[in-house]
Amino acid sequence: MKLTEQQWQQRLTDEQYRVTRLKGTEYPFSGELLHNEKQGTYHCICCGSELFHSDTKFDAGCGWPSFYQAIEGKVDYQTDTSHGMNRTEILCANCDAHLGHVFDDGPAPTGNRYCVNSVSLSFKGSNE
């Protein structure tokens, strides 16, 4: 999904645009989906693509929603050396929205921790 920057700005809130299109980060412990414990699926706020199942979400205590696994083929990975760090950025495979970063300090079975900005996600419950 390719839109112009002006189209993204019209479609998203200022905070959604800053995080997803300008690779920003929301304040830790501020996201409305951080403590969501409902069953369902997390989607990209920009394009609606399914990204994570709720049964892979866990409390990492880091201040952002965390998952140990993404839905296969739905997330792309890019090296991020900004801010003097070497990290792996995660992006929506459909629209290139910045989601957050993945680290190798997560739980079994993958050992991964997908640290995701809540504002980059929408949630659809299993009953919706």
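This is a predicted model, so every value here is computed, not measured.

Draft legend 1. Main features of the pairing of strand 9 (residues 121-125). Here strand 9 shows one buried face, formed by Leu 121, Phe 123 and Gly 125, and one open face, formed by Ser 122 and Lys 124. Bridging between strand 1 (residues 40-44) and strand 9 involves five bridges; their strand directions are antiparallel. Following the sheet pairing, Cys 44 is matched in strand 9 by Leu 121.

Draft legend 2. Region of interest: the sheet that holds strand 8 (residues 113-116). Taken in spatial order, the six strands of this open sheet run 3-4-8-7-6-5, and their pairing is antiparallel. Of all strands in the sheet, those bounded by a partner on one side alone are strand 3 (57-58) and strand 5 (75-80). Pairing analysis gives four bridges linking strand 7 (residues 98-103) to strand 8, with the strands arranged antiparallel. Note that in strand 8 the partner of Val 102 across the bridge is Tyr 114.

Draft legend 3. Spatial organisation of the nonpolar core. One finds Cys 44, Leu 51, Phe 52, Cys 95, Tyr 114, Val 116 and Leu 121 to be the most contacted residues of the largest nonpolar core, which totals 23 residues. Elements with a contribution of two residues or more to this core: strand 1, strand 2 (50-53), strand 6 (87-92), strand 7, strand 8 and strand 9. Those residues within four positions of Leu 121 in sequence are excluded, and the remaining contacts are Leu 33, Tyr 42, His 43, Ile 45, Leu 51, Phe 52, Phe 67 and Val 116.

Draft legend 4. Spotlight on the pattern of salt bridges. Evaluation of the coordinates by the stated rule reveals five salt bridges. In this structure, Glu 15 engages Arg 18 in a salt bridge whose closest nitrogen and oxygen atoms are separated by 2.9 Å. You can see Glu 15 and its partner Arg 18 sitting in helix 2 (residues 14-20), three residues apart, about one turn around the helix. Under the relative-accessibility criterion, Glu 15 is labelled partly exposed at 31%.

Cut-offs and rules
- Residues numbered from 1 in each chain as written.
- Predicted model: local features only at pLDDT ≥ 70, side-chain atom pairs only at ≥ 80, totals over all residues.
- Heavy atoms only, no water.
- Buried < 20%, exposed > 50% of the residue type's maximum accessible area, 1.4 Å probe, protein only.
- Helix = DSSP H or I, 4+ residues; strand = E, 2+ residues; numbered from the N terminus.
- Pairing = 2+ DSSP bridges.
- Core = buried A, V, L, I, M, F, W, Y, C linked by side-chain atoms within 4.5 Å.
- Contact = heavy atoms within 4.5 Å.
- Salt bridge = Lys/Arg side-chain N within 4 Å of Asp/Glu carboxyl O.

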